[in-house]
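Fold and contact review
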Amino acid sequence: MINSHTFVLAIEGIDGSGKTLQWEMLRSALEEEGKTVDLLSFPVYDSFFGHQVGLLLSGKGQVRAAALDRRSLCWLYSLDRYAALEAYIREKKRAENWPDVLLINRFTLTNAVYQSIREIDAGMPDNWDWVRELEQGQLNLPDPDLYLILDVDPLAAQENVDMKGAREYIEGRDVYE
């Protein structure tokens with residue numbers, strides 16, 4: 001569990017909406033006000049679960065993300081966050097060095113929304129309650145104090161995605177982009 005004095009803020013939005021840019025700007029502004037800030041971004045592509053997510057999104061693995069049902073993908077994203085947060089919390093408890101603010105780039109809401117959209121045509125109901133129970137109820141991931149949701153025109157976001165170029169898990173677009 002995150003220390004009770006740490007404010008947890010999750011930044012959410014579609015790919016190319018500017019989450020990372022806003023995340024960095026918010027970190028800088030908070031630090032200028034004298035706050036201590038930690039940053040976490042998901043997926044963690046160099047971790048075991050994050051690497052699996054990257055393989056699915058890039059199509060480089062044996063199975064593409066589109067071939068999996070949404071709950072299987074939810075599990076992978078959730079386990080990636082669980083593993084990273086377990087390591088983060090363990091280190092913070094050991095060092096007794098909790099920040100004033102923890103900024104998270106992509107979290108529970110991203111998982112619920114992206115996986116729900118995948119099967120919307122199949123008449124599947126909303127995924128929010130199930131993902132929230134998985135992540136906060138069962139895996140005990142922190143419940144952010146605030147979600148900041150970036151609402152960006154999808155065409156502008158797509159232009160931003162196209163400018164990204166190669167990333168550590170893919171060159172070009174992934175299946176969600």
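What you see is a predicted model, and the numbers here were worked out from it, not measured in a lab. (Residues numbered from 1 in each chain as written. Predicted model: local features only at pLDDT ≥ 70, side-chain atom pairs only at ≥ 80, totals over all residues. Heavy atoms only, no water.)

For the pair helix H2 (residues 48-58) and helix H3 (residues 70-95), the least separation of the axes is 8 Å and the interaxial angle reads 145 degrees. Here H2 and H3 pass one another in a crossing that is left-handed. Contacts between H2 and H3 involve Phe 49, Gly 50, Gln 52, Val 53, Leu 56 and Leu 57 from the former and Leu 73, Leu 76, Tyr 77, Leu 79, Asp 80 and Ala 83 from the latter. Tallied by class, residues from the contact of H2 with H3 come to nine nonpolar, two polar and one charged. (Axes fitted to C-alpha atoms, helices over the stretch in contact; angles between N-to-C directions. Helix = DSSP H or I, 4+ residues; strand = E, 2+ residues; numbered from the N terminus. Left-handed = near helix turned anticlockwise from the far one by under 90°. Contact = heavy atoms within 4.5 Å. Nonpolar A, V, L, I, M, F, W, Y, C, P; charged D, E, K, R; others polar.)

The tendency in soluble globular proteins is for nonpolar side chains to be buried side by side. In terms of nonpolar packing, the biggest core is built from 15 residues, with Ile 2, Leu 40, Leu 85, Tyr 88, Leu 102, Ile 104 and Phe 107 touching the most fellow members. At the level of secondary structure, the elements contributing two or more residues to this core comprise strand E1 (7-13), H3 and strand E3 (101-105). (Core = buried A, V, L, I, M, F, W, Y, C linked by side-chain atoms within 4.5 Å. Buried < 20%, exposed > 50% of the residue type's maximum accessible area, 1.4 Å probe, protein only.)

The N-to-C vectors of H3 and helix H5 (residues 128-138) enclose an angle of 30 degrees; their axes lie 10 Å apart at closest approach. Judged by the angle between their axes, H3 and H5 are roughly parallel. Relative to H5, H3 is oriented so that their crossing is right-handed. Only Trp 130, Val 131, Leu 134 and Glu 135 of H5 make contact with H3, whose side of the interface consists of Arg 71, Cys 74, Trp 75, Ser 78 and Arg 81. Grouping the constituent residues of the contact of H3 with H5 by class yields five nonpolar, one polar and three charged. (Parallel < 35°, antiparallel > 145°, perpendicular 65-115°, else oblique.)

Turning to the side chain of Arg 81, a few remarks are in order. Note on placement: Arg 81 falls in helix H3. According to the relative accessible area criterion, Arg 81 is buried, its value standing at 3%.

This part covers the sheet that holds E3. On the basis of which strands lie adjacent, the open sheet formed by four strands has the order E2-E3-E1-E4 and parallel pairing. Pairing within the sheet leaves two strands with one partner each, and these edge strands are strand E2 (37-41) and strand E4 (146-150). Direction aside, neighbouring strands of the sheet carry axes that sit 20 degrees apart on average. Relative to E3, E1 is paired through five bridges, and the arrangement is parallel. For Val 8, the partnering residue across the bridge sits in E3 and is Leu 102. (Pairing = 2+ DSSP bridges.)

Moving on, we get to the environment of Lys 93. Mapping Lys 93 onto the fold places it in helix H3. Its relative accessible area of 52% is what places Lys 93 among the exposed residues. Spatially, the C-alpha atom of Lys 93 lies 8.6 Å from that of Asn 3, the residues being 90 residues apart in sequence.

Here we take up the pattern of salt bridges. In this structure the tally under the stated criterion is six salt bridges. Close ionic contact of Glu 135 with Arg 81 constitutes a salt bridge, the shortest N to O distance being 2.4 Å. One end of the pair, Glu 135, is in helix H5; the other, Arg 81, is in helix H3, with 54 residues separating them in the sequence. Asp 143 is the partner of Arg 132 in a salt bridge, and the nearest nitrogen-oxygen pair spans 2.6 Å. Here Asp 143 lies in the loop between H5 and E4 and Arg 132 lies in helix H5, a separation of eleven residues in the sequence. Here the salt bridges do not stand alone but share partners, grouping Glu 24, Arg 27 and Glu 31 into one network. (Salt bridge = Lys/Arg side-chain N within 4 Å of Asp/Glu carboxyl O.)

What follows deals with the side chain of Lys 92. In this fold, Lys 92 is placed in helix H3. There is a polar contact of 3.1 Å between the side chain of Lys 92 and the backbone oxygen of Asn 97. In this structure Lys 92 touches Asp 38, Asn 97, Trp 98 and Pro 99, once residues within four positions along its chain are discounted. (Polar contact = N/O pair within 3.5 Å; in protein donor to acceptor, adjacent residues only side chain to side chain.)

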